[in-house]
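# A structural walkthrough
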Amino acid sequence: MELTRTTLRALRKALDSKEISAPELASEYLGRIGEQDGKLLSYITVTKDKAMRDAENAQKIIDSGKATALTGIPLAVKDNICIDGVRTTCASKMLENFIPPYNATVIEKLNAEGYVLLGRTSMDEFAMGGSNQTSAFAKTKNPYDLTRVPGGSSGGSAAAVSASLAPAALGSDTGGSIRQPSSFCGVTGIKPTYGRVSRYGLVAFASSLDQIGPICNDARDCAILLNAICGHDRHDATSARVDTPDFTEKLGQPVKGMRIAMPKEFFSDDIDGEVRTAVENAAKELEKQGAVLVQCSMPGLKYAIPAYYLIACAEAASNLSRFDGIKYGFRGEGRTFEELIRDSRSRGFGEEVKRRILLGNYALSSGYYDAYYKKALALKQEIIKEYNDIFELADVILTPTAPTPAYKIGAQDNDPVKMYMADICTVTVNIAKLPGISTTCGYTADGGLPIGMSIIGKRFDEQTILQCADAYEQGFKPVAPTL
Ligand code: GLN
């Protein structure tokens, strides 16, 4: 079967009509991974035997006529989502041999549908980064240009979908980690509203910002995968008690009358000219379809990076204190308790993770708490207010996903602040707990690199951003990479 950029809908049809069996489909994807992932490094672990077992079981469900949307569908899962019995490393030496004894809630839900696990995708260590180059095990490359980064931190998931080494994947997004790699790799990724999808079993980076979401070939597939993983969960106290609609419901509906805001700060000179033009052209396209463009302003965007990095690092410093070399994870050496912990953490964590732990503990320490952390919380309230004001005027907000297309591997290695600034378009969405989707809106003239745009919605209004992304995608022809 032709698998290049094949949608979940097409695979469903092929499985239901018995054009292909679940085990055949799984082995076709495993074959592609075997042939091509040596160049791309999108997977840390390929779960070949489990995939074949999952597929045999799925085939029985299909044969009994009880298949649901994802029965027999192969998927890849970012390596920070716990799967019972399957190594889950967070791309860190600290968890190199960690085998969780339980499933994340999203995995329980996928199991209930009879999905097939292809493997665990690479990421920035503990999801801290935007390039996948901080992975301790697989520094993933961009399928459109192997000398460039795939984005991060869900870069393995985005690259795998882009190169058709999985038809869809799960990622996680704390400050853009689903949307930015989707944009760099020319695929579609949605960060749901905070609380829409359970975080139970997601290894925590910054608990008030983290959210699991789908990375797929298009918005329609994102809706299908989101349907499967969302919902209230009593294991996660921050999971929302809200109704879960059918996210495919508004797909295909016209955007006539939809008000699309474009805050001018997202289109400043700090954004690459080609990116700006591509997003503006996409806006014109939606306008032609009857949407109404609304000009507006978001002055608080200039505080977004400091606010995000203070909050994210503070929470990370607390969350990562559990990795002490004693309870689980990498164990260093030392005669005393303190020496053991120091050695375990010094050797178990990479540079970027250590930098964030230091920044976070500094911001939280007495004497500095008021000057940094408390100010960041005040900025968070300001950003939320500005979003609320914009949503008085508009139904969705359109922005670039990242200031540039995928950059060269190594380009930002020695300049963490430059790397942090590259998150300017995505982090406020997490701070305000909003849903956001990134889809491709063009390719660079020189090099054919994908350019992504983001559509941001009101809290729990994933349906409208999916509708808007879908309306655009239906007229836009994606270009698949050739490895
Ligand atoms: N690039 C951002 C960071 O480094 C976002 C990471 C994420 O969303 N997990 O923190």
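Scroll up for the structure.
Calculation notes
- Each residue is numbered by its place in its chain's sequence as written, counting from 1.
- Where totals are concerned, whole chains, interfaces and linings use all residues; where local detail is concerned, this predicted model gives features only for residues with pLDDT of at least 70, and gives and counts side-chain atom pairs only at 80 or more.
- Hydrogen atoms and water are omitted, and side-chain values are computed over all heavy atoms in the structure.
- Definition of nearness: a residue and a molecule or strand are near each other if at least one heavy atom of the residue lies within 4 Å of the molecule or strand.
- Only the protein chains shown count as covering a residue, and every accessible area follows the Shrake-Rupley method with a 1.4 Å probe.
- Residue polarity follows a fixed list, in which Ala, Val, Leu, Ile, Met, Phe, Trp, Tyr, Cys and Pro are nonpolar, Asp, Glu, Lys and Arg are charged, and the others, Gly among them, are polar.
- Strands here are runs of E lasting at least two residues and helices are runs of H or I lasting at least four, both read from the DSSP assignment and numbered beginning at the N terminus.
- Residue count minus one, scaled by 1.5 Å, sets the expected span of a helix.
- The classification of residues rests on relative accessible area computed with a 1.4 Å probe and restricted to protein chains. Under 20% of the type maximum is buried, over 50% is exposed, and intermediate values are partly exposed.
- Taken from the helix axis, the directions to the C-beta atoms give the arc we talk about.
- Contacts are assigned to residue pairs with any non-hydrogen atoms lying within 4.5 Å of each other.
- N or O atoms closer than or at 3.5 Å make up a polar contact, with two conditions inside protein: a donor-capable atom paired with an acceptor-capable one, and, for residues adjacent in sequence, both atoms drawn from side chains.
- A pair of strands is labelled paired if DSSP reports no fewer than 2 bridges between them.
- Throughout, an axis means a line fitted to C-alpha atoms (over the contacting stretch in the case of helices), and angles, computed between N-to-C directions, take values from 0 to 180 degrees.
- Whenever a carboxyl oxygen of Asp or Glu lies within 4 Å of a side-chain nitrogen of Lys or Arg, that contact is scored as a salt bridge.
- For patch building, the residue pool is restricted to those with more than 30% relative accessible area and no salt bridge; the joining distance is 9 Å between like charges and 5 Å between nonpolar side chains (Val, Leu, Ile, Met, Phe, Trp, Tyr).

Neighbouring the ligand are 14 residues; T174, G175, S177, Y308 and R356 lie closest to it. For the ligand, whose free accessible area comes to 290 Å², the fraction covered by protein is 99%. A per-class count over the shell around the ligand returns five nonpolar, six polar and three charged.

On to helix 8 (residues 273–288). With 16 residues, helix 8 extends 23 Å between its outermost C-alpha atoms, agreeing within 8% with the 22 Å of an ideal straight helix rising 1.5 Å per residue. Those residues of helix 8 that sit buried are V275, A278, V279, A282, A283 and L286. In a view along the axis of helix 8, the buried residues occupy a sector of 140 degrees, so they form one face of it. Against strand 7 (259–263), strand 8 (292–296), strand 9 (396–400), strand 10 (436–443), strand 11 (450–457) and helix 15 (462–473) lie the buried residues of helix 8. The distance from a side-chain oxygen at the start of helix 8 to the backbone nitrogen of E274 is 3.0 Å, and the residue carrying that oxygen is D272. Looking one or two places after helix 8, you find G290, whose phi comes out positive at around 110 degrees.

Turning to the pairing of strand 6 (residues 212–216), a few remarks are in order. Burial runs high along strand 6: five of the five residues are buried. The pairing of strand 4 (residues 168–172) with strand 6 spans five bridges and is classified as antiparallel. Note that in strand 6 the partner of G171 across the bridge is G213. In this structure, strand 5 (residues 188–191) lies alongside strand 6, joined through two bridges in antiparallel fashion. Counterpart to G189 in the pairing with strand 6 is I215.

Another aspect to go through is the environment of H235. Relative to the helices and strands, H235 resides in the loop between helix 7 (219–229) and strand 7. The partly exposed category is assigned to H235, whose relative accessible area is 42%. It is 20 Å that separates the C-alpha atoms of H235 and K191, two residues lying 44 residues apart in sequence. Not counting chain neighbours up to four residues away, the residues in contact with H235 comprise T105 and Y200.

The next thing to look at is helix 1 (residues 8–16). Residues L8, L11, R12, A14 and L15 constitute the buried set of helix 1. End-on, the buried residues of helix 1 take up no more than an arc of 165 degrees, which puts them together on one face. Where helix 1 is buried, its residues contact helix 2 (22–40), helix 3 (48–63), strand 4 and helix 7. Of the residues flanking the end of helix 1, it is K18, one or two places downstream, whose phi is positive at about 65 degrees.

With that settled, consider the sheet that holds strand 8. In any sheet, the strands associate via hydrogen bonds between backbone groups, in a parallel or an antiparallel arrangement. Read from one edge of the open sheet, eleven strands run 1-3-2-4-6-5-10-11-9-7-8, paired in mixed fashion. The outermost strands of the open sheet, each flanked by one partner alone, are strand 1 (43–46) and strand 8. When strand polarity is set aside, the average angle formed by the axes of neighbouring strands in this sheet is 30 degrees. Set on the sheet, helix 3 makes contact with strand 1 and strand 3 (116–121); between it and strand 3 the angle comes to about 155 degrees.

Considering all chains together, one arrives at 23 salt bridges under this definition. A salt bridge links R9 to D221, with the shortest nitrogen-to-oxygen separation between them at 2.7 Å. Of the two residues, R9 is situated in helix 1 and D221 in helix 7; the sequence distance between them amounts to 212 residues. By relative accessible area, D221 is classed as buried at 0%. Note that K288 and E285 form a salt bridge whose closest N and O atoms lie 3.5 Å from each other. Taken together, the residues span about one helical turn, with K288 and E285 both in helix 8 at a distance of three residues. One connected set of salt bridges, linked through shared partners, spans R9, D218 and D221.

Further remarks concern a nonpolar patch on the surface. Side chains of Y362, Y368 and Y372 sit close together on the surface and give an oily, nonpolar patch of about 290 Å² of accessible area. Relative to the elements of secondary structure, Y368 occurs in the loop between helix 11 (351–364) and helix 12 (373–393). Looking at Y368, the relative accessible area reads 35%, which means it is partly exposed.

Turning our eyes to something else, we now look at the side chain of Q59. One can find Q59 in helix 3. A polar atom in the side chain of Q59 sits 2.7 Å from the backbone nitrogen of A22. Discounting residues that sit within four places of it in the chain, Q59 has contacts with K18, S21, A22 and P23.

Turning to unusual backbone geometry, a few remarks are in order. Residues G152 and S153 are joined by a peptide bond in cis, for which omega reads 10 degrees. Mapped onto the elements of the fold, S153 is located in the loop between strand 3 and helix 5 (155–162). Within the chain, L41 stands out as a residue other than glycine whose phi angle is a positive 55 degrees. Structurally, L41 is set in the loop between helix 2 and strand 1. Assessed through its relative accessible area of 29%, L41 is described here as partly exposed. One non-glycine residue, A91, lies in positive phi territory at about 55 degrees. Turning to its location among the elements, A91 is positioned in the loop between strand 2 (74–78) and helix 4 (105–113).

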